[in-house]
Amino acid sequence: MRIGALDVGRVFLAPMEEVSDGPFRRLCKRMGADVVYTEFVPAEAMVRNIKAAERKLAFTEAERPIGIQIYGNRIDAMIEAANMAAGRRPDILDINFGCPVKKVAEGDRASCSGSGLLRFPDHMEEIIAAVVETMAPHDIPVTVKTRLGWDDESISVLDTLRRAERAGADLITFHGRTRAQMFRGDADWTWIRRAKEEASIPVIGNGDIRTPEDAARMFDETGVDGVMIGRGAVGAPWLFTGIHGFLRTGVVPEPPAIEERVALYFEHACMAFEEKGRWGVRMVRKHVKGYLREFAGASRLRAKLMECEDPDDLRRALADDFPGVVGDVPPPALADASPPESTREDATR
Ligand SMILES: Cc1cc2nc3c(=O)[nH]c(=O)nc-3n(C[C@H](O)[C@H](O)[C@H](O)COP(=O)(O)O)c2cc1C
């Protein structure tokens, strides 16, 4: 598939705040994710040089092709943020028009962002056009990620698609839910098919892909150019290997054995520790349930792991159930530990 001049595979890792950070992106990449995105970064925090926002823009060469995702309302701030992002040389710049969280999405034409801009499509189009113009001299394609509409009474898929195309976006991703649904109910893929039928730019289908079979079904039912996986990959980065294997052969490859999953979890936590210190290890707790899925002693071990704050704690916690599995991995040096600020909080300060 082509995104502007960029040639990429068709299985994407979704941007997820406080989940799709560098360590997780690198693991997903290694296990088959073709394109990854940073967590969303508020333009207003970027232009005020807020540290938490700057941290979220960082990535390593191993993560390419990578998109930086930004969101905001003010055109000037979006242009400045896009230029700042371009300085990091991402492969893609993505604009978020999907976040449903109240403090992001609610507000009027001059203050809402994320999915809130689905209620102000002219302004959304202006933002896309301004960002596309900003990125053109940098040769960085612009993609858009959004939802089906604000609510069931205002499904705006085809209008959003036309506006994104007219404004010069190189690709659009639809999460098959409305803002009103938040993350509840089922994603409706029929609207994704309608978008694909009408689109002249690549369309990515997103929402409720949790297994290799789901990914294949998204391709079959909608004809999309690519699929994007969010929650299904949390604590299960090998899902990407499974999807590629199933699409190629029609057979779902065996997921890694529990010992391999535990070793991956430990590696994930060590990378997070190296990058962020103790709060990095705390962030990886979101993945524990996934890594231990189908292990008989999961709930007891999970309780122990939830207390751990560094690789030595983890090694001790894992020693009884998995002796030797993580024993010979040296602990990394402690990074300059930073507080676990949320970008969203920064945006509202
Ligand atoms: C914890 C979490 C954080 C998320 N953060 C972002 C984000 O920063 N940017 C974005 O575009 N979508 C974000 N999303 C939405 C996902 O990218 C995706 O659209 C949604 O989860 C549906 O896909 P899934 O069913 O595969 O999870 C987030 C979702 C979750 C669960």
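Procedures and definitions
- Residues numbered from 1 in each chain as written.
- Predicted model: local features only at pLDDT ≥ 70, side-chain atom pairs only at ≥ 80, totals over all residues.
- Heavy atoms only, no water.
- Helix = DSSP H or I, 4+ residues; strand = E, 2+ residues; numbered from the N terminus.
- Salt bridge = Lys/Arg side-chain N within 4 Å of Asp/Glu carboxyl O.
- Buried < 20%, exposed > 50% of the residue type's maximum accessible area, 1.4 Å probe, protein only.
- Axes fitted to C-alpha atoms, helices over the stretch in contact; angles between N-to-C directions.
- Left-handed = near helix turned anticlockwise from the far one by under 90°.
- Contact = heavy atoms within 4.5 Å.
- Nonpolar A, V, L, I, M, F, W, Y, C, P; charged D, E, K, R; others polar.
- Near = heavy atom within 4 Å.
- Polar contact = N/O pair within 3.5 Å; in protein donor to acceptor, adjacent residues only side chain to side chain.
- Pairing = 2+ DSSP bridges.

### Examining unusual backbone geometry
Then step 1. P65 follows R64 through a cis peptide bond whose omega is -5 degrees.
Then step 2. For P65, the position within the fold is in the loop between α3 (51-57) and β5 (66-71).
Then step 3. Its identity is not glycine, yet D208 carries a phi of approximately 70 degrees, on the positive side.
Then step 4. Here D208 shows up in the loop between β9 (203-206) and α9 (212-222).
Then step 5. Positive phi values are uncommon outside glycine, yet E294 reaches one of about 70 degrees.
Then step 6. Considering the arrangement of structural elements, one finds E294 in the loop between α12 (278-291) and α13 (298-305).

### Brief notes about the pattern of salt bridges
Then step 1. Overall, the coordinates contain 32 salt bridges when judged by the stated rule.
Then step 2. For R231, the salt bridge goes to D208, with nearest N and O atoms at 3.4 Å. With R231 in the loop between β10 (226-229) and α10 (239-249) and D208 in the loop between β9 and α9, this residue pair connects regions lying 23 residues apart in the sequence.
Then step 3. Judged by its relative accessible area of 34%, R231 is partly exposed.
Then step 4. By relative accessible area, which is 22% here, D208 ends up partly exposed.
Then step 5. Across the pair D312 and R315 runs a salt bridge, and its minimum N-O distance is 3.7 Å. Of this pair, D312 and R315 are both found in helix α14 (residues 311-319), three residues apart, which corresponds to roughly one turn of the helix.
Then step 6. The class of D312 is partly exposed, set by a relative accessible area of 36%.
Then step 7. Each of D122, E125, D159, R163 and R166 takes part in a single network of salt bridges with overlapping partners.

### Some points on the packing of helix α7 (residues 157-167) against helix α8 (residues 190-198)
Then step 1. Remark: α7 packs on α8, axes separated minimally by 9 Å, with the N-to-C direction vectors making an angle of 35 degrees. In terms of crossing hand, the pair formed by α7 and α8 is right-handed. Contacts between α7 and α8 involve V157, L158, L161, R162 and E165 from the first element and W191, R194, A195 and E198 from the second.
Then step 2. Across the contact of α7 with α8, the residue classes tally to five nonpolar, no polar and four charged.

### Observations concerning the site of the ligand
Then step 1. Residues in close proximity to the ligand total 16 residues, the closest being E17, Q69, N206, D208 and R231.
Then step 2. Taking N206, its side chain carries an N or O atom lying 2.6 Å from an oxygen atom of the ligand.
Then step 3. Contact between the ligand and R231: an oxygen atom at 2.7 Å from a side-chain N or O atom of the residue.

### Quick word on the sheet that holds strand β7 (residues 142-147)
Then step 1. In spatial order, the strands read β3-β10-β9-β8-β7-β6-β5-β4; together these eight strands make up an open sheet with parallel pairing. The open sheet has two edge strands with one neighbour each: β3 (11-13) and β4 (36-42). When the angles between neighbouring strand axes are averaged without regard to direction, this sheet yields 25 degrees.
Then step 2. Bridge count between β4 and β5: five bridges; the pairing is parallel. Paired with F40 across the bridge in β5 is Q69.

Limitation: the analysis is restricted to geometry and does not speak to function.
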